[in-house]
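Now for the letters of each chain:
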Amino acid sequence: EKQYNPYYALVVQQLCRLSHSHKITLQFCLWDFLRDMGESTVGGAEILKNLSEDDRAGFNVKSISTTRMRNVARAYGWWLAKDACTLAILKPVDFTVLKPQSQAFMREMFVHLLANTQLSTPLLSSERPEDLPKSRNKGPLEEVFLKGAKIQAVALGLVYFLQTAFKGEDGFLKWASQLALDTLRTGMEVVPVI
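Below you will find a few notes about this structure.

### Concerning a nonpolar patch on the surface
Turning to step 1, where the next piece is worked out: On the surface, a cluster of nonpolar side chains totalling about 510 Å² of accessible area is made up of Tyr 7, Tyr 8, Val 11, Leu 15 and Leu 18.
Turning to step 2, where the next piece is worked out: Given a relative accessible area of 31%, Val 11 falls into the partly exposed group.

### A few points about the packing of helix H1 (residues 6-18) against helix H2 (residues 20-36)
To describe two helices that pack against each other, one gives the angle between their axes and the distance between the axes.
Turning to step 1, where the next piece is worked out: At a minimum axis separation of 5 Å, H1 and H2 run at an interaxial angle of 130°. Comparing their axes, H2 and H1 come out oblique. Here H1 contributes Val 12, Leu 15 and Cys 16 to the contact with H2, which in turn contributes His 22, Lys 23 and Leu 26.
Turning to step 2, where the next piece is worked out: When grouped by side-chain class, the residues that make up the contact of H1 with H2 number four nonpolar, one polar and one charged.

### Side note on the nonpolar core
Turning to step 1, where the next piece is worked out: Membership of the largest hydrophobic core comes to 56 residues, with the highest contact counts inside it found for Leu 87, Leu 90, Phe 105, Met 106, Phe 110 and Phe 145.
Turning to step 2, where the next piece is worked out: Of all the secondary structure elements, the ones that give two or more residues to this core are H1, H2, helix H5 (66-81), helix H6 (100-116), helix H7 (138-149), helix H8 (152-165) and helix H9 (171-187).
Turning to step 3, where the next piece is worked out: Apart from residues lying up to four places away in sequence, Leu 87 is in contact with Leu 80, Phe 110, Leu 113, Val 144, Phe 145, Gly 148, Val 154 and Leu 158.

### Quick look at H8
Turning to step 1, where the next piece is worked out: Between its terminal C-alpha atoms H8 stretches 20 Å, which fits the 20 Å expected from 14 residues at 1.5 Å a residue.
Turning to step 2, where the next piece is worked out: What H8 keeps buried is the set Val 154, Ala 155, Gly 157, Leu 158, Val 159, Phe 161, Leu 162 and Ala 165.
Turning to step 3, where the next piece is worked out: For H8, the secondary structure elements touched by its buried residues are H6, H7 and H9.

### Considerations on the packing of aromatic side chains
Turning to step 1, where the next piece is worked out: Counted by the stated rule, this structure contains eight aromatic pairs.
Turning to step 2, where the next piece is worked out: Relative to Phe 105, the ring of Phe 33 has its centre 5.1 Å away and its plane inclined at 55°; by these criteria the two rings are tilted. Of this pair, Phe 33 sits in helix H2 while Phe 105 sits in helix H6, and the two are 72 residues apart along the sequence. Exposure class is identical for Phe 33 and Phe 105. Each is buried.
Turning to step 3, where the next piece is worked out: Each ring, one from Phe 172 and one from Trp 175, has its centre 5.8 Å from the other, and the planes form 45°; the classification is tilted. Of the two residues, Phe 172 and Trp 175 both sit in helix H9, three residues apart, roughly one turn of that helix.
Turning to step 4, where the next piece is worked out: Taken together, the aromatic side chains of Phe 95, Phe 110, Phe 145 and Phe 161 make up a single cluster linked through ring pairs.

### A closer look at the pattern of salt bridges
A side chain of one charge can pair with a side chain of the opposite charge if their charged atoms are brought near each other.
Turning to step 1, where the next piece is worked out: Within this structure, the stated rule accounts for three salt bridges.
Turning to step 2, where the next piece is worked out: Among the salt bridges present, the one from Asp 32 reaches Arg 35, with a minimum N-O distance of 2.2 Å. With Asp 32 and Arg 35 both in helix H2 and three residues apart, the pair spans about one turn of that helix.
Turning to step 3, where the next piece is worked out: The partly exposed category is assigned to Asp 32, whose relative accessible area is 36%.
Turning to step 4, where the next piece is worked out: Assessed through its relative accessible area of 15%, Arg 35 is described here as buried.
Turning to step 5, where the next piece is worked out: Put simply, Arg 107 and Glu 169 hold a salt bridge, and the shortest N to O gap is 2.3 Å. Taken together, the positions of Arg 107 in helix H6 and Glu 169 in the loop between H8 and H9 put the pair 62 residues apart, joining distant regions of the chain.

Procedures and definitions
Within each chain, residue numbers correspond to sequence positions counted from 1 in written order. The predicted origin of the model limits local features to residues at a pLDDT of at least 70 and limits the giving and counting of side-chain atom pairs to 80 or more, whereas totals for whole chains, interfaces and linings rest on all residues. Excluding hydrogens and water, the side-chain figures rest on all heavy atoms present in the structure. Distance thresholds for patches are 9 Å for like charges and 5 Å for nonpolar side chains (Val, Leu, Ile, Met, Phe, Trp, Tyr), applied to residues having over 30% relative accessible area and no salt bridge. Note on areas: these come from Shrake-Rupley sampling with a 1.4 Å probe, and a residue is covered only by the protein chains present in the view. When a carboxyl oxygen of Asp or Glu lies within 4 Å of a side-chain nitrogen of Lys or Arg, that pair is called a salt bridge. Buried residues are those whose accessible area, probed at 1.4 Å on protein chains only, stays under 20% of the maximum for their type, while exposed residues exceed 50% and partly exposed ones sit between those limits. Note on geometry: axes are lines fitted to C-alpha atoms, helical ones only across the stretch in contact, with angles between N-to-C directions running from 0 to 180 degrees. Helix and strand definitions here come from DSSP, where helices need a minimum of 4 consecutive H or I residues and strands a minimum of 2 consecutive E residues; each element is numbered from the N-terminal end. An angle below 35 degrees is read as roughly parallel, one above 145 as roughly antiparallel, one from 65 to 115 as roughly perpendicular, and any other as oblique. Here, two residues are considered to be in contact whenever any of their heavy atoms come within 4.5 Å of each other. Think of it as three bins: nonpolar holds Ala, Val, Leu, Ile, Met, Phe, Trp, Tyr, Cys and Pro, charged holds Asp, Glu, Lys and Arg, and polar takes everything else, Gly as well. Definition of nonpolar core: a set of buried residues of the types Ala, Val, Leu, Ile, Met, Phe, Trp, Tyr and Cys, connected through side-chain atoms within 4.5 Å. Take the number of residues in a helix, subtract one, and multiply by 1.5 Å to get its expected span. Any two rings among Phe, Tyr and Trp, with Trp reduced to its six-membered ring, count as a pair given centres within 6.5 Å; such a pair is stacked if its planes are under 30 degrees apart, edge-to-face if over 60, and tilted if neither.

Laid out in structure tokens, this is it:
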């Protein structure tokens, strides 16, 4: 839709509470979306094996509108923050080689994830400082990123991405991204210097 409808985010959140299969579907939908943006290496081994050579080379990249990208980022930000899915869905993503459009999508998604850990409704409209949450509750944010820290490949990728994507931020985004980084590093068994 042209305008984000939080109703869909809440419906999917409820479906994921009822059945694990919905969480798996959500994961595959994200991977499909990322492949549509040109991230040809994202997905399970069976999916990648079945792609044609042109698909793997990234020649069939679909044009994703900015509106759709923002709406999908907002929805996944809510679902990740509210445990409809975990950061483990990002395991096949190589954050060091993301295309610019995918970087923008991921940044938008993480802005909403960070903000939604502080909110009770999925209504955040943008990342303007006046729209970001005023509360700073560490618990829900740490909980989301501790789950991501359990998978070293995810944790390393997120540390790299969050450091670069939120470099130079201030206010809420600086606090939240730093807390996320600290949580990821604390949850990892081996902390490399990145």
